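As a plain string of letters, each chain reads:
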2 protein chains.
Amino acid sequence: MIHLDNIGAHILQRLEEYNVRHIFGVAGDYILNFFKMIEDSNIKLICTCDEQSAGFAADAYARINGIGVVCVTYGVGGFKVVNSTAQAYAERSPLMVISGAPGVKERSYQLHHTIKGFDTQFNVFKNITISSVILDDPKRAIMEFDDALLSCINYKRPVYVELPRDMVYAPIGDYHRIERRYVSNENALLEALQEIKCIVDMAKRPVIIAGEEIQRFKLESKLKELVEKINIPVASTILSKSVINEYHPLYLGVYEGAIGHEDVREYVESSDCIIIIGALLSDITLGIFTAKLDQNKCINITSEGLSIRYHKYENIRLDDFIDGLINTLDRKEYSLVQKCPIEEFVAKKEKITINRLFKCINSLLKYNHALVVDAGDALFGSADLIIQKGTIFMSCAYYSSLGFAIPASLGIQLANPKLRPIVLVGDGSFQMTGMEVSTIAKYNLNPIVIILNNKGYTTERIMLDGPFNDLNEWRYELIPNIINSGKGFIVNTEEEFYNAILDAEAYDGLSIINVVLDKDDKSEALKRMAEHLAKRVRDTKDIL
Amino acid sequence: MIHLDNIGAHILQRLEEYNVRHIFGVAGDYILNFFKMIEDSNIKLICTCDEQSAGFAADAYARINGIGVVCVTYGVGGFKVVNSTAQAYAERSPLMVISGAPGVKERSYQLHHTIKGFDTQFNVFKNITISSVILDDPKRAIMEFDDALLSCINYKRPVYVELPRDMVYAPIGDYHRIERRYVSNENALLEALQEIKCIVDMAKRPVIIAGEEIQRFKLESKLKELVEKINIPVASTILSKSVINEYHPLYLGVYEGAIGHEDVREYVESSDCIIIIGALLSDITLGIFTAKLDQNKCINITSEGLSIRYHKYENIRLDDFIDGLINTLDRKEYSLVQKCPIEEFVAKKEKITINRLFKCINSLLKYNHALVVDAGDALFGSADLIIQKGTIFMSCAYYSSLGFAIPASLGIQLANPKLRPIVLVGDGSFQMTGMEVSTIAKYNLNPIVIILNNKGYTTERIMLDGPFNDLNEWRYELIPNIINSGKGFIVNTEEEFYNAILDAEAYDGLSIINVVLDKDDKSEALKRMAEHLAKRVRDTKDIL
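Treat the numbers as computed from the prediction; the structure is a model and nothing was measured.

How should the interface of chain A and chain B be read in this particular structure?
Interface size is often expressed as the accessible area that is lost when the parts come together. Taken together, the contact pairs 88 residues of chain A with 88 residues of chain B. In total, about 8,000 Å² of surface goes out of reach between chain A and chain B, with carbon and sulfur atoms giving 61% of it. Considering only the side of chain A, the residues that lose the most area to chain B are A:Tyr169, A:Phe468 and A:Ile482, jointly responsible for 9% of the buried surface there. Our count for the chain A to chain B interface comes out at 16 residue pairs in polar contact (both at pLDDT 80 or more). Here the side of chain A that touches chain B is built from residues that sort into 41 nonpolar, 25 polar and 22 charged.

Written out as structure tokens, the structure reads:
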């Protein structure tokens with residue numbers, strides 16, 4: 001039974017207010033008390049095989065739900081979610097890490113799972129979160145927790161909450177609830193909007209690049225309103241793909257410099273006014289330094305600041321900014337982007353290639369699918385897929401931690417049970433975290449897992465090859481036998497792949513499709529990408 | 001081809017001098033150049049499925065070889081070995097982490113895999129290593145690397161070396177090789193030895209507790225010399241088990257307070273002079289606070305300092321200390337410890353229990369076996385096994401990160417190919433890292449993996465049970481079908497287990513034995529332990 005006047009119960013109540021219905025984790029003695037409390041609450045515990053995967057699942061859950069929580073034991077649990085937390089920081093995902101810890105009263109002894117001192121784990125997490133707190137004082141605990149929670153929600157970055165095991169049931173007194181909301185500087189906003197109006201009015205071919213923060217801050221419908229009101233074409237980045245229905249007549253495609261499609265690159269780079277909203281500009285989104293965005297023509301806003309050409313404004317919220325643009329800018333008159341209808345896919349009896357595989361998936365994608373792709377060619381190849389309204393696309397395109405997609409599909413389907421994940425994952429990624437299909441089966445979920453089996457790290461082969469890029473070949477289609485659940489397929493031809501997808505669609509459970517590809521097969525996008533990446537690896541070998 | 005005058009080649013040459021013949025890791029673009037260089041060297045690259053396992057394998061390798069190296073890419077690689085590195089720190093293992101990183105010349109851009117800044121990963125590792133360096137300046141790089149290497153060797157703690165990818169081939173100039181050796185303060189040593197001689201001369205029943213640092217610093221033969229010279233009985237801790245041949249007439253057994261055997265506890269705790277050498281005294285080694293060691297009777301030395309009763313000496317090396325004892329102390333006259341001969345095991349047709357399983361293993365252990373046990377009942381139950389000369393016992397008994405044993409067996413067999421690992425692992429541990437059997441098969445190793453399949457986290461069930469302690473059941477014996485290698489067994493009775501072990505012994509390859517146990521079956525040691533652990537979990541639930 002939960003006492004609403006103790007620290008643990010307060011945490012759960014606050015999380016419920018933010019629509020947290022699942023917490024991901026692995027049991028361990030320093031967190032057992034709190035796990036028991038979660039079991040007795042309205043929030044469901046989702047226990048994975050390994051902590052790292054719980055972190056990935058919670059990250060994906062966070063991207064859809066607005067916040068996601070991973071809960072682990074001290075040391076052996078906390079240190080295993082460092083990588084997932086670092087990813088959440090890099091890709092702006094509102095992930096909360098709750099770590100059990102030795103009781104405050106136990107801390108005079110050397111206890112198992114501890115490292116240098118009792119603050120070591122806290123010191124590590126301070127580097128990869130926006131706020132880290134140790135709830136070791138009942139008087140301050142509620143205020144500190146609420147503060148971390150609001151930082152997570154407002155900044156869309158991970159936070160770390162350490163909960164000593166003797167504090168779970170510690171009683172709390174009265175407290176003032178923090179309801180902080182970050183507000184824009186109205187004068188700064190007004191000045192910036194006036195300046196932008198002049199620029200856009202003068203511009204002949206303005207364009208918008210909409211980034212992943214639109215999704216994180218749930219601004220998709222505002223973006224659509226903006227685009228339709230002012231009638232300016234919009235591109236996404238590889239990290240924000242599906243930020244707008246990709247059938248939208250004003251949607252251009254994914255912009256990623258010379259790596260992406262030439263017509264998108266040409267449109268964006270020849271524009272005289274590029275409005276970038278909520279996009280992380282990195283080597284990946286900028287097409288391995290092939291992007292040519294003239295700062296003189298750029299208006300660039302993120303949650304951290306606005307820059308117009310070479311000057312900056314601070315304290316302007318993304319939502320206020322978009323609202324301001326909607327109210328300020330006039331409608332432009334341009335013809336709409338021509339869209340090619342999706343080709344009907346006719347499966348042949350031939351050996352399947354990665355390009356044909358993506359064409360096949362493109363023809364089969366439905367409104368209720370969530371396309372989840374891992375790093376590598378699963379990601380690069382999928383840039384050309386057309387994502388319609390209602391469908392979501394998720395990847396860790398910037399941080400690129402192999403092994404994200406399968407645990408992510410667990411988080412996605414629990415966050416929104418109406419979505420059915422289609423998971424595209426390389427064999428290297430699968431060998432890292434793929435056995436979490438066991439967890440997926442345990443909770444009766446039904447993703448379709450497609451393994452691009454090309455016997456190695458294909459993206460790296462192109463940069464610099466050696467035996468270190470080779471992988472043992474697994475018979476992935478037999479994994480349902482191991483976990484006593486699901487259906488497995490092995491496919492070699494287009495026809496077999498097409499039929500396997502149809503079979504999987506009709507089956508209400510986990511499906512695993514092992515797609516046997518040639519070792520040197522690669523997508524068109526990867527071919528374009530590889531040349532640039534390889535050049536950079538060679539460039540760094542100065543004296544070779 | 002390797003140029004001996006560049007940073008990468010220097011690193012490999014120095015590692016070879018310390019007998020590093022294998023480096024563990026996973027490929028990634030920021031480390032590809034260096035991987036290629038390793039491939040062209042005398043050192044063999046061992047590529048695992050996931051980075052964490054590479055860290056565990058290198059830790060185990062380090063414990064046998066004197067140093068072990070894990071080599072990974074930036075961010076997604078580095079952050080995945082944080083847990084393995086924390087374990088190496090906690091358990092004093094000389095692990096070197098080499099992480100690739102963006103080139104020094106690339107660092108003005110936002111690059112993939114990076115988090116807050118380019119120093120984030122370095123700042124994280126500073127908390128869990130004894131020395132962390134970034135080799136970003138060719139002039140200083142060699143000195144900094146050598147310094148980190150010597151810290152690793154001398155202190156038996158992990159170090160972190162960050163190698164920007166444009167520094168791998170950077171030329172180095174002349175340099176002075178550091179050959180620092182930590183020396184004892186001779187006066188302090190002399191005074192301490194005189195004091196100890198008085199105490200031991202007066203003592204009626206002195207006893208030695210030999211800890212894991214004896215193994216880390218390769219002092220096993222010195223310890224044996226000491227024990228035989230002065231004729232004092234010796235106990236190990238659960239962390240240092242096998243530090244001396246367990247058939248030795250002066251070996252008492254594992255001391256772990258009330259958790260361990262009563263006769264060992266009685267002997268140690270009634271002693272009037274307890275000499276503790278190189279042992280980490282934690283809740284685990286002290287039997288969950290049941291140990292009663294009177295500080296007034298203790299002489300306690302570790303690599304970090306010596307204390308006699310309530311006063312301390314600094315700068316005394318472990319090896320000098322043991323040499324000093326050998327030369328100073330006189331022979332005591334006590335009767336030897338009585339050893340029961342190992343019972344012959346007669347397998348019955350009955351359902352196998354965990355206690356009978358350990359008895360069976362005890363009867364089958366041979367001189368060339370390395371017993372590797374994971375945390376949980378695999379560890380607690382094995383405290384009673386008798387490890388003979390030539391056999392080693394390895395666990396992460398203090399840090400207790402589930403999933404260590406299987407990757408560790410990879411590291412052990414590569415460090416010493418004469419050893420054949422017998423791996424004891426719980427089902428929870430196996431589901432974390434067990435698929436590294438694929439890596440084991442890739443390198444043609446032949447461990448015998450025994451899975452204690454009791455459908456959950458048994459150690460935790462005893463403390464506080466709930467559905468979070470349940471695991472999906474896997475058909476582990478079918479995993480050889482997935483990885484196209486090895487032999488699988490499923491056993492329910494004693495006879496089946498006995499025969500499976502004999503079959504596995506005769507088979508020169510990977511064997512996986514799925515031992516189906518009752519859900520609530522547990523070893524005698526775990527039963528003793530559980531009561532004390534459960535009490536502590538309950539004690540922390542103050543107001544429940």
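Next, the rest of the story.
Quick question: what am I supposed to make of the sheet that holds strand β14 (residues 369–373) of chain A here?
Sheet strands line up and pair through hydrogen bonds in the backbone, either parallel or antiparallel. Residues and elements named next belong to chain A. Sheet architecture is open: 6 strands sit in the order β15-β14-β16-β17-β19-β18, paired in parallel fashion. The two strands at the open ends of the sheet, each matched to only one other strand, are β15 (392–394) and β18 (487–491). Geometrically, the sheet is characterised by an average inter-axis angle of 15° between neighbouring strands, direction not taken into account. Relative to strand β19 (residues 511–516), β18 runs parallel, the two being bridged by 5 bridges. Within the sheet, the bridge partner assigned to valine 491 lies in β19 and is valine 515. Together, β14, β16 (420–426), β17 (448–453) and β19 form the strand contacts of helix α12 (residues 354–364), whose direction differs from that of β17 by roughly 165°.

So what exactly am I meant to see when it comes to helix α2 (residues 32–39) of chain B here?
Each α-helix turn comprises 3.6 residues. Residues three or four places apart therefore point the same way. The element α2(B) is extensively covered by neighbouring structure, given that 6 of its 8 residues are classed as buried. Burial in α2(B) covers these residues: B:Leu32, B:Asn33, B:Phe34, B:Phe35, B:Met37 and B:Ile38.

Please clarify how the domain arrangement of chain A should be interpreted in this entry.
Residue and element names in this part refer to chain A. According to the domain assignment, chain A consists of domain 1 (7–164), domain 2 (186–328) and domain 3 (354–536). Once you take the C-alpha centre of each, domain 1 and domain 3 turn out to be 29 Å apart. In this complex, domain 1 contributes 24 residues to the contact, which on the side of domain 3 involves 27 residues. Regarding the contact of domain 1 and domain 3, the summed buried area is about 1,900 Å², with carbon and sulfur atoms giving 65% of it. The largest share of the area that domain 1 buries against domain 3 comes from Phe56, Ile64 and Glu91, three residues that together contribute 26% of it. Linking domain 1 to domain 3 there are 0 salt bridges. Linking domain 1 with domain 3 are 12 residue pairs in polar contact (both at pLDDT 80 or more). Among the secondary structure elements, those contributing two or more residues to the side of domain 1 that touches domain 3 are β1 (22–25), β2 (44–47), α3 (51–65) and α4 (82–90). With 9 residues, the single largest contributor to the side of domain 1 that touches domain 3 is α3. Residues of the side of domain 1 that touches domain 3, tallied by class, amount to 12 nonpolar, 6 polar and 6 charged.

Teacher, can you tell me more about the pairing of strand β2 (residues 44–47) of chain B here?
In regular strands, side chains alternate between the two faces of the sheet. All names here are of chain B. Where strand β1 (residues 22–25) and β2 come together, 4 bridges link them in parallel fashion. Paired with histidine 22 across the two strands is lysine 44, which belongs to β2. Read as a crossover between parallel neighbours, the route from β1 over α2 to β2 is right-handed.

Is there a simple way to explain the environment of A:Val81 in this structure?
All names here are of chain A. Inspection of the secondary structure assignment puts valine 81 in the loop between β3 (68–72) and α4. Considered as a pair, valine 81 and tyrosine 160 are 79 residues apart in the sequence and their alpha carbons are 11 Å apart. With sequence-adjacent residues up to four places away left out, valine 81 is seen in contact with Glu51, Gln52, Gly55, Val70, Val72, Val97 and Phe125.

Quick question: what am I supposed to make of the environment of B:Gly68 here?
Residue and element names in this part refer to chain B. Along the polypeptide, glycine 68 turns up in strand β3 (residues 68–72). In this structure, the C-alpha to C-alpha distance between glycine 68 and proline 94, residues 26 residues apart in sequence, is 6.5 Å. Aside from chain neighbours lying at most four places away, what touches glycine 68 is Ala58, Tyr61, Ala62, Pro94, Leu95 and Met96.

Help me out: how do you make sense of the pattern of salt bridges in this one?
A side chain of one charge can pair with a side chain of the opposite charge if their charged atoms are brought near each other. Residues and elements named next belong to chain B. Under the defined criterion, the tally for this structure stands at 61 salt bridges over all chains. A salt bridge links glutamate 246 to lysine 241; its shortest N-O distance comes to 2.9 Å. You'll find glutamate 246 and lysine 241 in the same group, each marked buried. For the salt bridge of arginine 331 with glutamate 333, the shortest nitrogen-to-oxygen distance reads 3.6 Å.

Can you walk me through the nonpolar core in this structure?
One broad rule of soluble globular proteins: the nonpolar side chains tend to lie buried together. A:Leu15, A:Ile450, B:Leu15 and B:Ile450 are the most contacted members of the largest nonpolar core, which has 368 residues in total. Excluding residues that lie within four positions of it along the chain, B:Ile450 makes contacts with B:Leu357, B:Ile361, B:Ile422, B:Val423, B:Leu424, B:Val425, B:Phe497, B:Ile501, B:Ile513 and B:Val515.

Help me out: how do you make sense of the packing of helix α7 (residues 186–202) of chain A against helix α11 (residues 318–328) of chain A in this one?
All names here are of chain A. Contact geometry of α7 with α11 gives a least axis separation of 10 Å together with a crossing angle of 45°. Here α11 runs oblique to α7, going by the angle between their axes. Judged by the twist between their axes, the crossing of α7 over α11 is right-handed. Residue-level inspection shows Leu189, Leu193, Ile196 and Lys197 of α7 in contact with α11, the latter providing Asp320, Phe321, Gly324, Leu325 and Thr328.

Mind showing me how you'd approach the relation of the copies chain A and chain B here?
Related by rotation about an axis and a shift along that axis, the two copies of the chain form a pair. Least-squares fitting of chain A to chain B yields an RMSD of 0.1 Å, with the superposition described by an axial translation of 0.0 Å and a rotation of 180°. Taken together, the rotation and translation describe the operation of a two-fold axis. Relative to the rotation axis, the C-alpha of A:Val124 is the closest in chain A, positioned 2.5 Å from it.

In this structure, what is going on with the packing of aromatic side chains? I would like to understand it.
Centre-to-centre distance and the angle between the planes together describe a pair of aromatic rings. Summed over the entire model, instances satisfying the criterion amount to 20 aromatic pairs over all chains. With a centroid separation of 5.7 Å and 80° between ring planes, the pair formed by A:Phe468 and B:Phe35 is classed as edge-to-face. With A:Phe468 in the loop between α17 (458–463) and α18 (479–483) and B:Phe35 in helix α2, this residue pair bridges two chains. Assessed through its relative accessible area of 0%, B:Phe35 is described here as buried. The structure contains a cluster of three or more aromatic residues connected by ring pairs, namely A:Phe430, A:Trp474 and A:Tyr476. The ring of A:Tyr267 has A:Arg205 lying over it, and the distance from NZ or CZ to the ring centre is 4.1 Å.

Can you walk me through the sheet that holds strand β13 (residues 311–313) of chain A in this structure?
Residue and element names in this part refer to chain A. Pairing within the open sheet is mixed, and its 7 strands lie in the order β9-β8-β7-β10-β11-β12-β13. Unpaired on one side and paired on the other, β9 (251–254) and β13 mark the two borders of the sheet. The mean angle between the axes of side-by-side strands here comes to 20°, regardless of whether they run parallel or antiparallel. Pairing of strand β7 (residues 206–210) with strand β8 (residues 234–236) involves 3 bridges; the strand directions are parallel. Paired with isoleucine 208 across the strands is valine 234, a residue of β8. This element, α11, spans β10 (273–277), β11 (298–302) and β12 (305–308) of the sheet and lies at about 140° to β11.

Cut-offs and rules
- Residues numbered from 1 in each chain as written.
- Chains lettered and ligands numbered in written order.
- Predicted model: local features only at pLDDT ≥ 70, side-chain atom pairs only at ≥ 80, totals over all residues.
- Heavy atoms only, no water.
- Contact = heavy atoms within 4.5 Å.
- Buried area = accessible area lost by both parts, 1.4 Å probe.
- Polar contact = N/O pair within 3.5 Å; in protein donor to acceptor, adjacent residues only side chain to side chain.
- Nonpolar A, V, L, I, M, F, W, Y, C, P; charged D, E, K, R; others polar.
- Pairing = 2+ DSSP bridges.
- Helix = DSSP H or I, 4+ residues; strand = E, 2+ residues; numbered from the N terminus.
- Axes fitted to C-alpha atoms, helices over the stretch in contact; angles between N-to-C directions.
- Buried < 20%, exposed > 50% of the residue type's maximum accessible area, 1.4 Å probe, protein only.
- Domains from an automatic or database assignment.
- Salt bridge = Lys/Arg side-chain N within 4 Å of Asp/Glu carboxyl O.
- Right-handed = clockwise from strand over helix to strand, strands pointing away.
- Core = buried A, V, L, I, M, F, W, Y, C linked by side-chain atoms within 4.5 Å.
- Parallel < 35°, antiparallel > 145°, perpendicular 65-115°, else oblique.
- Left-handed = near helix turned anticlockwise from the far one by under 90°.
- Least-squares fit on C-alpha atoms with pLDDT ≥ 70 in both.
- Phe/Tyr/Trp six-rings, centres within 6.5 Å; stacked < 30°, edge-to-face > 60°.
- Lys NZ or Arg CZ within 6 Å of the ring centre and 35° of its normal.

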